[in-house]
Amino acid sequence: ALWVWLGCQAVIDEHLRVGRFVAVLVFFFSTETSLRDILGSLNTMGTASSSLRNVTQFMNMPTNLKRRMTASRHRRRVGEDQRAQARQQMLEDLFAIQPSMSEDTVTC
């Protein structure tokens with residue numbers, strides 16, 4: 001739009017020939033779609049770069065991995081101990097409930 005206004009003024013003032021004005025106008029219209037695609041790609045890259053910056057900042061934050069790993073190992077150790085105690089208690093209860101199998105209690 002700017003070229004049309006400036007080009008028309010230059011043609012009227014006889015600083016520019018009509019043929020050159022039309023040639024430049026055709027060039028602008030033919031490259032418009034290419035420029036639009038390029039600008040769209042640049043806009044997409046700009047949007048992606050801000051998201052990438054946020055992800056990079058998040059990934060570079062300090063972690064509490066050692067503390068979580070220690071807590072997980074402790075929790076596993078406690079769970080294993082509790083399971084072993086529960087198994088032992090079940091076995092003790094099982095053998096305490098069953099009567100002894102003597103010859104006096106067997107009937108046919």
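Residues numbered from 1 in each chain as written. Predicted model: local features only at pLDDT ≥ 70, side-chain atom pairs only at ≥ 80, totals over all residues. Heavy atoms only, no water.

1. A look at the overall build of the protein
- For the protein, the helix and strand inventory stands at 3 helices and 0 strands.
- Reading the protein from its N terminus to its C terminus gives the helix and strand order α-α-α.
- Out of the 108 residues in the protein, the part that is buried amounts to 6%.
- For the protein, the exposed surface amounts to about 10300 Å²; the carbon and sulfur share of it is 62%. (Helix = DSSP H or I, 4+ residues; strand = E, 2+ residues; numbered from the N terminus. Buried < 20%, exposed > 50% of the residue type's maximum accessible area, 1.4 Å probe, protein only. Areas by Shrake-Rupley, 256 points an atom, 1.4 Å probe, with all protein chains shown as cover.)

2. Here we look at helix H2 (residues 18-59)
- Taking 1.5 Å per residue, 42 residues should reach 62 Å; H2 reaches 59 Å between its end C-alpha atoms and fits that length.
- Remark: the principal bend of H2, roughly 40°, maps to Glu 32. (Expected span 1.5 Å × (residues − 1). Bend = angle between axes of the 7 residues up to and from the residue.)

3. Remarks on a positive patch on the surface
- Together, Lys 66, Arg 73, Arg 75, Arg 76 and Arg 77 give the surface a local cluster of positive charge.
- Checked against the element boundaries, Arg 77 lands in helix H3 (residues 65-97). (Patch = residues over 30% accessible without salt bridge, like charges linked within 9 Å, V, L, I, M, F, W, Y side chains within 5 Å. Salt bridge = Lys/Arg side-chain N within 4 Å of Asp/Glu carboxyl O. Lys, Arg positive; Asp, Glu negative; His and termini not counted. Charge placed at Lys NZ, Arg CZ, Asp CG, Glu CD.)

4. Some words on the packing of helix H1 (residues 2-12) against H2
- Where H1 contacts H2, the two axes come as close as 10 Å, and the packing angle between them is 170°. Between H1 and H2, the interaxial angle falls into the category roughly antiparallel. Of the residues in H2, those in contact with Trp 3, Val 4, Gly 7, Cys 8 and Val 11 of H1 are Val 18, Phe 21, Val 24, Leu 25 and Phe 28.
- A class-by-class count of the residues in the contact of H1 with H2 yields 9 nonpolar, 1 polar and no charged. (Axes fitted to C-alpha atoms, helices over the stretch in contact; angles between N-to-C directions. Parallel < 35°, antiparallel > 145°, perpendicular 65-115°, else oblique. Contact = heavy atoms within 4.5 Å. Nonpolar A, V, L, I, M, F, W, Y, C, P; charged D, E, K, R; others polar.)

5. Quick look at the confidence of the model for the protein
- For the protein, the mean per-residue pLDDT works out to 84, and 88% of the residues sit at or above 70.
- Of all helices and strands in the protein, the one with the weakest mean pLDDT is H1 (81), whereas H3 scores best (91). (pLDDT = per-residue confidence, 0-100.)

6. Thoughts on a nonpolar patch on the surface
- A contiguous nonpolar patch, built from Leu 35, Ile 38, Leu 39, Leu 42 and Met 45 and spanning about 530 Å² of accessible area, is present on the exposed surface.
- Its place among the elements puts Leu 42 in helix H2.

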